[in-house]
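# Secondary and tertiary structure notes
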Amino acid sequence: MKRPASGFLTLEKGIEGFLHFKIAEGLSPNTIVSYRHNLTVFSDWVGKITPCEIDSHVLSKYFS
């Protein structure tokens, strides 16, 4: 997959932001660990992709 252009949010940064938000919401540490694991597995599977490139087709392939 293509590299994100400079200035675009990377998937990794999006995941970290999401996790920080969930921590601030007060989710349990175990939930955060689970989210981090699942999102890291997904991120490794899709490779270098921007969050706006993730659509139903990408998700369908991942879950199949």
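Residues numbered from 1 in each chain as written. Predicted model: local features only at pLDDT ≥ 70, side-chain atom pairs only at ≥ 80, totals over all residues. Heavy atoms only, no water.

## Let's talk about the packing of aromatic side chains
- This structure, assessed with the given rule, holds 5 aromatic pairs.
- By the ring-pair criterion, three or more aromatic residues cluster together here, those being F42, W45, Y62 and F63. (Phe/Tyr/Trp six-rings, centres within 6.5 Å; stacked < 30°, edge-to-face > 60°.)

## As for the packing of helix α2 (residues 29-46) against helix α3 (residues 56-63)
- At a closest axis distance of 11 Å, the pairing of α2 and α3 adopts a crossing angle of 105 degrees. Classed by the angle they form, the pair α2 and α3 counts as roughly perpendicular. Each of N38, V41, F42, W45 and V46 in α2 lies in contact with α3, whose residues at this interface are V58, L59, K61 and Y62.
- The residue inventory of the contact of α2 with α3, partitioned by class, reads 7 nonpolar, 1 polar and 1 charged. (Axes fitted to C-alpha atoms, helices over the stretch in contact; angles between N-to-C directions. Helix = DSSP H or I, 4+ residues; strand = E, 2+ residues; numbered from the N terminus. Parallel < 35°, antiparallel > 145°, perpendicular 65-115°, else oblique. Contact = heavy atoms within 4.5 Å. Nonpolar A, V, L, I, M, F, W, Y, C, P; charged D, E, K, R; others polar.)

Remember that the coordinates give geometry; whether it matters functionally is a separate question.
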